[in-house]
There are 2 protein chains.
Amino acid sequence: MRVTIVGCGAVGSLFAANLAQLDDVEVWAFDLDREHVAAINEHGLRLSGAGEIVGKLSATTDAAELPPSDFGIVATKCMHTAAAIEATAGAFANGSVCSVQNGVGNEEALAQHVERVIRGTTFPAGRVVEPGHVQWDVKGDTTIGPFEPSPAPTADVEQLADACTRGGMPTQAVADARGPQWRKLIFNAATNPIGALTGLTHGRVVEDAGLRRLVSQLVDEGKAVAAAQGIELDADPEELIDHAARPDVAYDHKASMLQDVEARRPTEIDYLNGGIARFGREQSVPTPMNDAVTALIKGLEASWRQ
Amino acid sequence: MRVTIVGCGAVGSLFAANLAQLDDVEVWAFDLDREHVAAINEHGLRLSGAGEIVGKLSATTDAAELPPSDFGIVATKCMHTAAAIEATAGAFANGSVCSVQNGVGNEEALAQHVERVIRGTTFPAGRVVEPGHVQWDVKGDTTIGPFEPSPAPTADVEQLADACTRGGMPTQAVADARGPQWRKLIFNAATNPIGALTGLTHGRVVEDAGLRRLVSQLVDEGKAVAAAQGIELDADPEELIDHAARPDVAYDHKASMLQDVEARRPTEIDYLNGGIARFGREQSVPTPMNDAVTALIKGLEASWRQ
């Protein structure tokens, strides 16, 4: 089978390099970073940290070069999903395409261009340290399931989960992948923008009583929007939030959105709090705190253009 | 009559220099900035901009040097009110003391140390450009009235208003000064922290639909807390907000709290949104947005100590 990774940044690279360990999987990667693509083609894709491997794969910046694939794994930042799948959809005319991105709304964007879509949520994390080389910071599980309005066949979901697991990325195929996705979404939406607006690490947000109250208000709104859609969370995001604040877990972690803000990069706010608010409006569930936080982060982004 | 200005920064200096124009008023100033105090004593206190005057007055950094005064005008930042009045209260054993500060809660702090308190709200603004020299940016009105739980006599309120007006600072004595104070409070609380959190000028906050909605939510909470106390606003803060956003008024103005944040100075959040929330709790009026904004600004201040 052939798998094409769309967006070969940190998370895409973890899937690409691990899948490339398998004899029965041919891996391609599409990415717009010319140096990263050239390095991958020349020396392979190297992971270090939580795992030390090199994956042999074919990378390209030109979507027209992609051969037909059985599977796509989309791992771009949320705001690039539409453009990325529009460019690469031709390679998935007979394939199933899975999002392993943050936030909500990505599968909807994929379904505009491909027929068989897989909803996915992944916890492993890393960062690109140099072209062709990714630091693997955290191992973790991935959960995938058919995207309800435009589903991939169950057999495809299971085949992809099996390949990822055998390659080194433990992945579970489920009938309804919305629970894990919304748990991660609610966790991220309740903590990322608070870190980004205050400059505080995860642990310092959680130990501040006023901010912890705001975090819970964001969580409660997210839970209400999930419940209105009939989504059953697989665990309480509140527990995840307190667990991550432990000194031995992620007390000193700067939320990715804080890192974006410090580097003045566009954030994923539209797919986190903005996504919860959008689904809330569809379900007539009010989300005033998520709306407020979305407006503040978008205002902050706008100030960089002032 | 003798008037002592407590806190001779920008606003305090406007009162000090203008009152010093009057033959029948002797002006003293208490301030902790040694260079400013020395310059005032040597060359007088100079205002330029909206008015060009030099006021002759006696300034000191030592509260024990202050002679007994008929009036005090307190113009420190809100977080310094308690310490400033504790130090200077002896000079006002037979005098009336008026706050012309931002926010709410200052009169309550004054009443802990002096008997006759005047509630005041002032709109003139400026900035200290160098020791002994203040730029007078904006002329404007002042409204004063007895502080209800610990009131100065009406005759005192009227005498102080008359002196300020004759000196060049138009001041109205009223029976209930809470309306103008809460209008300014609500205006500041609805706009200052939004500018501070996003980095946007007043006009850009107002023209952003998402932020404008948040501003109105903050205004609505403030109005509800004012109404619960029986306070009648003298004008709608919403009008003031839209008016100030005009290009010929204050479109490009950076809120003072944004200036504080950029300089990493403590903000007055506890006396603005925090004050609305505190009075809201007393009145059992919920203020979730003011609570959230207070927590975010205090979190931002905490990040500087990280």
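Numbering of residues begins from 1 in every chain and follows the order in which that chain's sequence is written. Each chain takes a letter, starting from A, and each ligand takes a number, starting from 1, following the order in which they are written. Note on the predicted model: pLDDT of at least 70 is required for a residue's local features to be given, and 80 or more for side-chain atom pairs to be given and counted; whole-chain, interface and lining totals, by contrast, use all residues. Water and hydrogen atoms were dropped before computing side-chain values, which therefore reflect all heavy atoms in the structure.

1. Digging into the interface of chain A and chain B
Under the convention used in this document: The criterion used for residue contact is that any of the two residues' heavy atoms lie within 4.5 Å. The term buried area denotes the loss of accessible surface (1.4 Å probe radius) that occurs when two parts are joined, taken as the sum for both partners. Salt bridge criterion: a side-chain nitrogen from Lys or Arg within 4 Å of a carboxyl oxygen from Asp or Glu. Any N or O atom pair separated by 3.5 Å or less is treated as a polar contact, with the protein-specific requirement of one donor-capable and one acceptor-capable atom, and with residues adjacent in sequence counted only for side-chain atom pairs. By definition, any uninterrupted DSSP run of H or I lasting at least four residues is a helix, any uninterrupted run of E lasting at least two residues is a strand, and each is numbered from the N terminus. Polarity classes work like this: nonpolar for Ala, Val, Leu, Ile, Met, Phe, Trp, Tyr, Cys and Pro, charged for Asp, Glu, Lys and Arg, and polar for all others, with Gly in that last group.
Counting residues at the interface gives 22 residues for chain A and 22 residues for chain B. For the pair chain A and chain B, the summed buried area comes to about 1,800 Å², and 65% of that belongs to carbon and sulfur atoms. For the pair chain A and chain B, the number of links is 0 salt bridges. Connecting chain A to chain B are 4 residue pairs in polar contact (both at pLDDT 80 or more). Looking at which element gives the most residues to the side of chain A that touches chain B, the answer is helix H12 (residues 288-303) of chain A, with 9 residues. Grouping the amino acids of the side of chain A that touches chain B by side-chain chemistry returns 12 nonpolar, 8 polar and 2 charged.

2. What about the relation of the copies chain A and chain B?
Which entries qualify depends on this criterion: Our superposition of the copies is a least-squares fit, built on the C-alpha atoms of residues whose pLDDT is at least 70 in both.
Take chain A, turn it by 180 degrees, move it 0.0 Å along the axis, and it overlays chain B with an RMSD of 0.0 Å. Both copies of the chain, as the preceding transformation shows, are related through a two-fold rotation axis. Taking the C-alpha atom as reference, chain A places Leu197(A) closest to the rotation axis, 3.3 Å from it. The fraction of interface residues of chain A whose copies in chain B are also interface residues reaches 100%, indicating that both copies meet through the same surface.

3. Details of the nonpolar core
Selection rule: Take the buried residues of types Ala, Val, Leu, Ile, Met, Phe, Trp, Tyr and Cys, join any two whose side-chain atoms come within 4.5 Å, and each joined set is a nonpolar core. For each residue, the accessible area found with a 1.4 Å probe, counting protein chains only, is set against the maximum for its type, and the residue is called buried under 20%, exposed over 50%, and partly exposed in between.
Counting 82 residues, the largest nonpolar core has Trp182(A), Ile194(A), Leu296(A), Trp182(B), Ile194(B) and Leu296(B) as its most contacted members. Membership of the second largest hydrophobic core comes to 36 residues, among which are Phe15(A), Val25(A), Cys98(A) and Ala161(A).

4. Some details on the pattern of salt bridges
Counted by the stated rule, this structure contains 36 salt bridges over all chains. We note a salt bridge from Arg246(A) to Asp248(A), for which the minimum N-O separation is 2.7 Å. Note that Arg265(B) is salt-bridged to Asp260(B), the shortest N-O span being 3.0 Å. On the accessibility criterion, Arg265(B) (39% relative accessible area) is partly exposed.

5. Examining unusual backbone geometry
In this structure, Arg264(A) is a non-glycine residue whose phi angle is positive, near 55 degrees. Take Arg264(A): it is sitting in the loop between helix H10 (256-262) and helix H11 (273-282).

6. Section: the sheet that holds strand E8 (residues 116-122) of chain A
Residue and element names in this part refer to chain A. Just so we agree on the cut-off: We call two strands paired when DSSP finds no fewer than two bridges between them. A fitted line through C-alpha atoms represents every axis, and for helices the fit uses only the stretch in contact; the resulting angles, taken between N-to-C directions, go from 0 to 180 degrees.
Spatially, E5-E2-E1-E6-E7-E8-E11-E12 is the arrangement adopted by the 8 strands of the open sheet, whose pairing is mixed. In the strand order of this sheet, the two ends are held by strand E5 (58-60) and strand E12 (171-173), each with one partner. For this sheet, the mean inter-axis angle between neighbouring strands, taken without regard to orientation, is 20 degrees. Here helix H5 (residues 154-167) sits on the sheet and contacts strand E6 (71-74), strand E7 (96-99), E8, strand E11 (142-146) and E12; the angle it forms with E12, its principal contact strand, is near 165 degrees.

7. Details of the domain arrangement of chain A
Residues and elements named next belong to chain A. Just so we agree on the cut-off: Note that the domain bounds were set by an automatic or database domain assignment.
Split by domain assignment, chain A resolves into domain 1 (2-173) and domain 2 (178-304). In this assembly, 17 residues from domain 1 lie in contact with 18 residues from domain 2. Both sides of the domain 1 and domain 2 interface together cover about 1,600 Å² of buried area, and 57% of this is carbon and sulfur. Considering only the side of domain 1, the residues that lose the most area to domain 2 are Met79, Asn102 and Val104, jointly responsible for 37% of the buried surface there. Between domain 1 and domain 2 we count 1 salt bridge in total. A salt bridge links Asp260 to Lys77; the shortest N-O distance between them is 3.5 Å. Between domain 1 and domain 2 we count 8 residue pairs in polar contact (both at pLDDT 80 or more) in total. Elements with a contribution of two residues or more to the side of domain 1 that touches domain 2: helix H4 (106-111) and E8. Looking at the side of domain 1 that touches domain 2, the element that brings in the most residues is E8, giving 4 residues. In terms of residue class, the side of domain 1 that touches domain 2 is built from 4 nonpolar, 8 polar and 5 charged.

8. Looking at the sheet that holds strand E3 (residues 45-49) of chain B
Residue and element names in this part refer to chain B. The strand order across the open sheet built from 4 strands is E4-E3-E10-E9, with neighbouring strands paired in mixed fashion. The sheet terminates laterally at strand E4 (53-55) and strand E9 (125-130), the two strands that pair on one side only. Across the sheet, the mean angle separating the axes of adjacent strands is 25 degrees when strand polarity is ignored. As paired elements, E9 and strand E10 (residues 133-138) share 5 bridges and run antiparallel to each other. Bridged to Arg127 within E10 is Gln135. The sheet strands contacting helix H1 (residues 10-19) are E3, E4, E9 and E10, and the helix crosses E3 at an angle near 105 degrees.

9. Examining helix H3 (residues 81-88) of chain B
Residues and elements named next belong to chain B. We apply this condition: As used here, the arc belongs to the directions running from the helix axis to the C-beta atoms.
Thr81, Ala84, Ile85 and Thr88 are the residues of H3 that are buried. Down the axis of H3, the buried set is contained in an arc of 90 degrees. They therefore lie on one face. When the buried face of H3 is taken as reference, the exposed residues oriented beyond 90 degrees from it are Ala83 and Glu86. As for H3, its buried residues are in contact with strand E1 (2-6), strand E2 (26-30), strand E7 (96-99) and helix H4 (106-111).

10. With respect to the packing of helix H6 (residues 178-198) of chain A against helix H12 (residues 288-303) of chain B
Formally: An angle counts as roughly parallel when it lies under 35 degrees, as roughly antiparallel when it exceeds 145, as roughly perpendicular when it falls between 65 and 115, and as oblique in every other case.
Relative orientation of the contacting elements H6(A) and H12(B) amounts to 60 degrees, with a least axis distance of 8 Å. Judged by the angle between their axes, H6(A) and H12(B) are oblique. Side by side, H6(A) and H12(B) meet where Ile194(A), Leu197(A) and Thr198(A) of the first sit next to Leu296(B), Gly299(B), Leu300(B) and Ser303(B) of the second. Of the residues contributing to the contact of H6(A) with H12(B), the split by class is 4 nonpolar, 3 polar and no charged.

11. Thoughts on the packing of aromatic side chains
All names here are of chain A. Note the threshold: Two rings from Phe, Tyr or Trp (for Trp, the six-membered ring) form a pair when their centres sit within 6.5 Å of each other. Planes less than 30 degrees apart are called stacked, planes more than 60 degrees apart edge-to-face, and all others tilted. Cation placement over rings: the criterion is NZ of Lys or CZ of Arg within 6 Å of the ring centroid and within 35° of the ring normal.
Taken as a whole and judged by the stated rule, the model has 2 aromatic pairs over all chains. Seen from their ring centres, Trp182 and Phe279 are 5.6 Å apart, and the 85 degrees between their planes marks the pair as edge-to-face. You can see Trp182 sitting in helix H6 and its partner Phe279 sitting in helix H11, a full 97 residues away along the chain. Since its relative accessible area comes to 13%, Phe279 is described here as buried. The ring of Trp136 carries Lys139 above its face, with NZ or CZ at 4.9 Å from the centroid.

12. Brief notes about the side chain of Ser48(B)
Within the secondary structure layout, Ser48(B) lies in strand E3. Those residues in contact with Ser48(B) that lie beyond four places of it in its chain are His133(B), Val134(B), Gln135(B) and Trp136(B).

13. With respect to the environment of Ala175(A)
Locating Ala175(A) in the fold gives a position in the loop between E12 and H6. Once the C-alpha coordinates of Ala175(A) and Val74(A) are considered, the two residues, 101 residues apart in sequence, prove to be 20 Å apart.

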